[in-house]
Amino acid sequence: MNNSLLTVKDLSIYLKGQSGFFPLISKISFDIRKAEVFGIVGESGCGKTLTALSIMRILPQNIFSEGEILFNNRDILSLTEEEMRKIRGKDISMIFQEPMTSLNPVLTVGRQIAEALMTHFNLTKRDSLEKAIEILKRVKIPDPELRIKDYPHQLSGGMRQRVMIGMAIACNPSLLIADEPTTALDVTIQFEILKLLQDLRAQSDMAILFISHDLSLIYENADRVGIMYGGRLIELANVDELFDNPIHPYTRGLLASLPTYKGEPLKPILGFVPHPAFLPKGCKFSDRCKEKIEECLYKEPELLEVTKEHFVRCIKC
Ligand SMILES: Nc1ncnc2c1ncn2[C@@H]1O[C@H](COP(=O)(O)OP(=O)(O)O)[C@@H](O)[C@H]1O
Ligand code: SF4
Ligand SMILES: [Mg+2]
């Protein structure tokens, strides 16, 4: 049985420059199954947000994608903008790292939620405002009848993120993309927002694409995970399998850099992710990899299935 909700096949993303096209992401492939939480992890600059934006088809003007993104077996990349508008915000929706940049500062939160409902379900203004109150209750905002009249700046960061989540789930999407949804929040609020996302998922069969730079958040929240580096997927597995049996040297480096309860010193991966223009020629991780051999410097490995449903991109596998 094909259980796939979203299938990304050989997705590449390019920057349009004065001297031609420049690759930012190269041929990534993964699928998200119905009702699962799929995590994408990697350091800043490895291509997580661009992947999400291309699924929503909201890439900046100077960037374009090619490949296939099948959502319920329809290729999103070949839909017209009008067809995409019917899917965006209804079947697929997204929450961003910083809610202030995605909420409209001059509209009340009730109106912003109501607008999504009016657009996609043809509800009257009155009915959609009533539904907006129900949605604020679902995302556990106290006194929702009063809060719908608030403007975003009148709410705390945590409450704004709840409103953002409310807007995103208003139309019961089958896929919610959460791009670093808690990175801008302090730790206690972070925990509450993650708990809210878990509760919402338990109440429906919505799938979540959960993007984070923090592998420990993915461990607690995702079913399967893809690790990205330099615009490529370098390891993909079930979360338990990945933590029990990490194979790629980058994944092992990320795990070794997590804090331990025993208070052992952190072992960060030395160096930083190069800009896509300065990635090494062969394996893109070779300039930071302690295990490289000569072949790594000129040959880029493929992503191969090393054990059932566990894929790795490393010459040594
Ligand atoms: N609008 C843009 N113009 C030029 N380069 C961009 C733009 N957006 C992203 N990039 C580049 O694409 C790469 C991937 O970016 P992004 O997907 O935002 O990474 P992440 O979300 O993993 O931090 C980075 O090197 C970034 O500099
Ligand atoms: S291919 Fe070579 S450089 Fe790349 S991760 Fe594997 S061992 Fe390291
Ligand atoms: Mg990002």
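One structure accompanies this document, and this report is about it. A quick note: this is a predicted structure, and the numbers were derived from the prediction, not measured.

Focus: the site of ligand 2
Taken together, H248, P249, C283, S286, C289, E291, K292, C296, P301, C314, I315 and K316 make up the full set of residues adjacent to ligand 2. When its residues are assigned to classes, the shell around ligand 2 shows seven nonpolar, two polar and three charged.

Let's talk about the pairing of strand β2 (residues 20-33)
Residues in a regular strand point their side chains to alternate faces of the sheet. Two elements, strand β1 (residues 4-17) and β2, share 10 bridges in a ladder whose sense is antiparallel. Opposite Y14, over in β2, you have P23 as the bridge partner.

Brief notes about the site of ligand 1
In the region of ligand 1, 14 residues are neighbours, and G45, G47, K48, T49 and L50 sit closest. Side-chain polar atom of T49 to an oxygen atom of ligand 1: 2.9 Å apart, as the coordinates give it. With three residues, helix α1 (residues 48-56) is the single largest residue contributor to the shell around ligand 1. Taken together, the residues of the shell around ligand 1 break down into seven nonpolar, five polar and two charged.

What to know about the packing of helix α4 (residues 109-121) against helix α5 (residues 125-138)
Remark: α4 packs on α5, axes separated minimally by 8 Å, with the N-to-C direction vectors making an angle of 115 degrees. Along this stretch, α4 crosses α5, giving a crossing that reads as right-handed. Here G110, R111, I113, A114, L117 and M118 of α4 lie close against α5, whose contacting residues are K125, S128, L129, K131, A132, I135 and L136. Of the residues contributing to the contact of α4 with α5, the split by class is eight nonpolar, two polar and three charged.

Some remarks on the nonpolar core
I113, V139, I165, F210, L215, I227 and Y250 are the most contacted members of the largest nonpolar core, which has 55 residues in total. Residue contacts for I113: discarding those within four places in its chain leaves A132, I135, L136, M167 and A170. Listed in part, the 36 residues of the second largest apolar core include I32, I76, I92 and A207.

What to know about the sheet that holds strand β7 (residues 175-179)
Two pairing modes exist for strands in a sheet, parallel and antiparallel, and in both the strands are linked by backbone hydrogen bonds. Across the sheet, eight strands lie side by side as β6-β7-β8-β3-β9-β10-β12-β11; this open sheet has mixed pairing. Each edge of the open sheet is held by one strand with a lone partner, namely β6 (92-95) and β11 (304-307). Between one strand axis and the next, the sheet turns through 25 degrees on average, direction left out of account. Summarising the sheet, strand β3 (residues 37-41) and strand β8 (residues 207-212) pair through five bridges and their orientation is parallel. Counted as the bridge partner of F38 is L209 from β8.

Quick word on unusual backbone geometry
A positive phi angle, near 50 degrees, is found at D10, a position not held by glycine. Mapped onto the elements, D10 comes out in strand β1. Classification of D10 by relative accessible area gives partly exposed; the value is 41%. Not every positive phi belongs to a glycine, and N122 is a case in point at roughly 60 degrees. Here N122 shows up in the loop between α4 and α5. For N122, a relative accessible area of 72% translates into the label exposed.

How each quantity is defined
Residues numbered from 1 in each chain as written. Chains lettered and ligands numbered in written order. Predicted model: local features only at pLDDT ≥ 70, side-chain atom pairs only at ≥ 80, totals over all residues. Heavy atoms only, no water. Near = heavy atom within 4 Å. Nonpolar A, V, L, I, M, F, W, Y, C, P; charged D, E, K, R; others polar. Pairing = 2+ DSSP bridges. Helix = DSSP H or I, 4+ residues; strand = E, 2+ residues; numbered from the N terminus. Polar contact = N/O pair within 3.5 Å; in protein donor to acceptor, adjacent residues only side chain to side chain. Axes fitted to C-alpha atoms, helices over the stretch in contact; angles between N-to-C directions. Left-handed = near helix turned anticlockwise from the far one by under 90°. Contact = heavy atoms within 4.5 Å. Core = buried A, V, L, I, M, F, W, Y, C linked by side-chain atoms within 4.5 Å. Buried < 20%, exposed > 50% of the residue type's maximum accessible area, 1.4 Å probe, protein only.

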